[in-house]
Amino acid sequence: MIKWPKQITASLVQQLIRAEKDLQKAILVFDAAAAEYANGFRHDNNSFGLMISRLLSANQFKPAEDLLDRMKDEKCLITEDIFLSVCRAYGRVHKPHDVIRIFQKMKEYDCEPTQKSYITVFAILVAENQLKVALRFYKYMREIGIPPSVASLNVLIKALCKNSGTMDAALRIFREMPNRGCTPDSYTYGTLISGLCRLGKIAEAKELFTEMNVKGCSPSVVTYTSLIHGLCQLNNLDEAMGLLEEMKNGGIEPNVYTYSTLMDGLCKGGHSSKAMELLEIMVGKRHQPNVITYSTLINGLCKEGKLREALEILDRMKLQGKKPDAGLYCKLINGFCDVHKFQEAANFLDEMVLAGISPNRLTWGLHVRVHNTVVRGLCSESDPNRAFQLYLSMCSRGISVEAKTFDFLVNYFCKKGDLHKSARIVDQMVLDGCVPDKGIWSTMVGGFWGRRKVREATEFVLFELMDEFVGAGK
C-alpha cells in the first residue's frame, strides 16, 4: 500500500513508475495513483505515456492499447508521440499490419497525424520489407498532399534499393531530389552506396562515394563498411584495407561490423594471418568480437589447415562467454575432416550433443553432410565401433543417412565378418526408403555365402529378385 502525500503530483507518480524495475510493481503504482482521483489527482498524458512505454517494452500490447482507450474515456490528450511509440513497438516485433491499424485509429482519438507520423509508418513498412504496401502508402501520402521531404525520399530510396529491378528508379529519384527542393544528405548517399554494393556494382558505388565527399556529405561508418564489404567481395583487399585507414584518418572509428567484414574478406582470400592481426587491433580498440567475427576467423583458419590456431580462437571465444553455434562447429569439424582427422571431428560432434547445440533450418543440411562425412571417415580409419555408434546417434536424432554412408558401413562390417550388424544396417536403410543397390546386395550375399549361411543368403537373393520383379512391373 502506497502512502501518498496530501498533494500528489504527476511528476512524483512518474518518478515512482520509473524507479520500479519490475513492471507489475510499476502497474501497481500507476493504479494506486489512479485510486486517488477522488482526492483531486488525475493522470496526465505524460504519466499515461510513460506507463504505455513500459508495457510496450515488455511486449504487453493489449494492456498498452487498453490505456489508450482509458485516456480517451478520461478525455486526456493523446499525443502523436504516444501513438508513434505503439507503432514502433509493433514494428519492432515484426507486426506491420498492426502498425497500420494503430495509425488508422489516430483520428478516432482526436489525434491528427502529421507528416512525422506518415514518414514513421512508411519507414517501418520499408524496414519490414512490406515493399508493395509501403509504396502504396507513399502514393497515398502524396495524394493527400504530404509534400516530399529529404526524410520521406530517403525512405523511398531505401525501399527501391532493396530490389535489383528498382535500383535504377532509386538513382533516378536521387538525381531528381534537388528539383523537388530536397538536397541529398549523407543518409541518402549511404543508402544508395549500400544498395549498389549489395548488387555488386562497386564502380558506381565508388563514384557516389567520391561525389558525396565533394558535396560535403561525410560518409558514416555504415557507408564505409558497405563499400569495404563490396571491395572484399571483388577480392580488392588492398583497396579495402586502404579504405579502413582512410576512415581512421578521417576520425571515423570502425566498428565490430567493419572489422568483421574485412576479416571475412581476408580469410576468403587466404590471408587468415592478417585477419588475426586485425582481430588484435580490434580488441585493442575495445571492440568486443561477436560470434560472427569468431566464426569467420575459425572458418578461414580451418580452410588453410591451421587447426591449432582455430582451436585457440574457439577457446578464446568460450572464455569470453560467447556460445559457439552449430554452424561454427560444422566449420571446425569440416576442417578436421579435410585433413583426415576424423577422431577429432567425432569428438566435436559429441561436444555439440553434450552442450545441447542443435542446428537451425539454415544449417541443417550442412549438419547432415558433416555427420555422414565423419561416419565414412571413421570407417576408412578402421574405427568401426565409433562409426557405428555415431550412425546409431544419427538414426535416433533424425539425421538422414546418405546412401554412400550406408554403403561404407555395410561393406566395412561385411569385410570384418560382422554380418548381423551389416544386416541391421540394411534393414534400417530400407526403412529409411533408401533402396540398396546391386553392390550392397552382392556384398551381403557374398558375406553370408562365404560363411556358409545359405538360408540367409537365399533370403537375400529372394528379396533382390522380388525387388527386380516389382521394378519390372512398374
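Here the structure is shown first, and the text comes after it.
Please read all numbers here as calculations on a predicted model, not as lab measurements.

**Student:** Summarise the nonpolar core; cite the residues concerned and give the values.
**Tutor:** Buried together is how nonpolar side chains tend to be arranged in soluble globular proteins. Ranked by internal contacts, the top residues of the largest apolar core, which has 152 residues, are Ile52, Phe122, Leu192, Ile333 and Val374. Among the elements that make up this core, the one with the highest residue count is helix 19 (residues 326-338) (8 residues). Setting aside residues no more than four positions away along its own chain, Ile333 makes contact with Ala345, Phe348, Leu349, Met352, Val370 and Val374.

**Student:** So, the packing of helix 3 (residues 45-57) against helix 4 (residues 61-73): which residues are in play, and what are the values?
**Tutor:** Close contact between helix 3 and helix 4 brings their axes to 8 Å; oriented N to C, the two are set at 165°. Judged on the interaxial angle alone, helix 4 and helix 3 are roughly antiparallel. Crossing of helix 3 over helix 4 shows left-handed handedness. Contacts between helix 3 and helix 4 involve Asn45, Phe48, Met51, Ile52, Leu55 and Leu56 from the former and Phe61, Pro63, Ala64, Leu67, Leu68, Arg70 and Met71 from the latter. In the contact of helix 3 with helix 4, the residues fall into 11 nonpolar, 1 polar and 1 charged.

**Student:** Residues and numbers for the pattern of salt bridges, please.
**Tutor:** Evaluated as defined, the whole model comprises 21 salt bridges. Residues Glu211 and Lys215 are paired through a salt bridge, measuring 3.7 Å at the closest nitrogen-oxygen approach. For Lys215, a relative accessible area of 56% translates into the label exposed. Linking Arg308 and Glu312 is a salt bridge whose minimum nitrogen-to-oxygen distance equals 2.8 Å. Of this pair, Arg308 and Glu312 are both found in helix 18 (residues 307-319), 4 residues apart, which corresponds to roughly one turn of the helix. We classify Arg308 as exposed; its relative accessible area is 55%.

**Student:** Talk me through the environment of Ser53; I want residue IDs and the actual numbers.
**Tutor:** Mapping Ser53 onto the fold places it in helix 3. Using a relative accessible area of 35% as the deciding quantity, one classes Ser53 as partly exposed. Distance from Ser53 to Ala89, taken between C-alpha atoms, is 9.0 Å for residues 36 residues apart in sequence.

**Student:** Requested: an account of helix 3, with residues and values cited.
**Tutor:** Because the α-helix completes a turn every 3.6 residues, residues three or four places apart line up on one side. With 13 residues, helix 3 extends 18 Å between its outermost C-alpha atoms, agreeing within 8% with the 18 Å of an ideal straight helix rising 1.5 Å per residue. Across the 13 residues that make up helix 3, a large majority, 10, are buried. Three or more residues of helix 3 are buried, namely Asn45, Ser47, Phe48, Gly49, Leu50, Met51, Ile52, Arg54, Leu55 and Leu56. At the N-terminal end of helix 3, a side-chain oxygen is found 3.1 Å from the backbone nitrogen of Asn46, two or three residues along, and the residue is Asp44. Following helix 3 by one or two positions, Asn59 adopts a phi angle in the positive range, close to 60°.

**Student:** Give a detailed account of the packing of aromatic side chains, specifying residues and quantitative values.
**Tutor:** Counting across every chain of the model gives 17 aromatic pairs. Where Tyr37 meets Phe41, the ring centres are 6.4 Å apart and the plane angle is 55°; that geometry is what we call tilted. Taken as a pair, Tyr37 and Phe41 share a single burial class, namely buried. Measuring from ring centre to ring centre gives 5.2 Å for Phe122 and Tyr138, while their planes differ by 25°; the resulting arrangement is stacked. Taken together, the residues Phe122 in helix 7 (residues 115-127) and Tyr138 in helix 8 (residues 131-143) connect sequence positions 16 residues apart. Here Phe122 and Tyr138 have matching classes, each one buried.

Reading the values: the criteria
- Residues numbered from 1 in each chain as written.
- Predicted model: local features only at pLDDT ≥ 70, side-chain atom pairs only at ≥ 80, totals over all residues.
- Heavy atoms only, no water.
- Core = buried A, V, L, I, M, F, W, Y, C linked by side-chain atoms within 4.5 Å.
- Buried < 20%, exposed > 50% of the residue type's maximum accessible area, 1.4 Å probe, protein only.
- Helix = DSSP H or I, 4+ residues; strand = E, 2+ residues; numbered from the N terminus.
- Contact = heavy atoms within 4.5 Å.
- Axes fitted to C-alpha atoms, helices over the stretch in contact; angles between N-to-C directions.
- Parallel < 35°, antiparallel > 145°, perpendicular 65-115°, else oblique.
- Left-handed = near helix turned anticlockwise from the far one by under 90°.
- Nonpolar A, V, L, I, M, F, W, Y, C, P; charged D, E, K, R; others polar.
- Salt bridge = Lys/Arg side-chain N within 4 Å of Asp/Glu carboxyl O.
- Expected span 1.5 Å × (residues − 1).
- Polar contact = N/O pair within 3.5 Å; in protein donor to acceptor, adjacent residues only side chain to side chain.
- Phe/Tyr/Trp six-rings, centres within 6.5 Å; stacked < 30°, edge-to-face > 60°.

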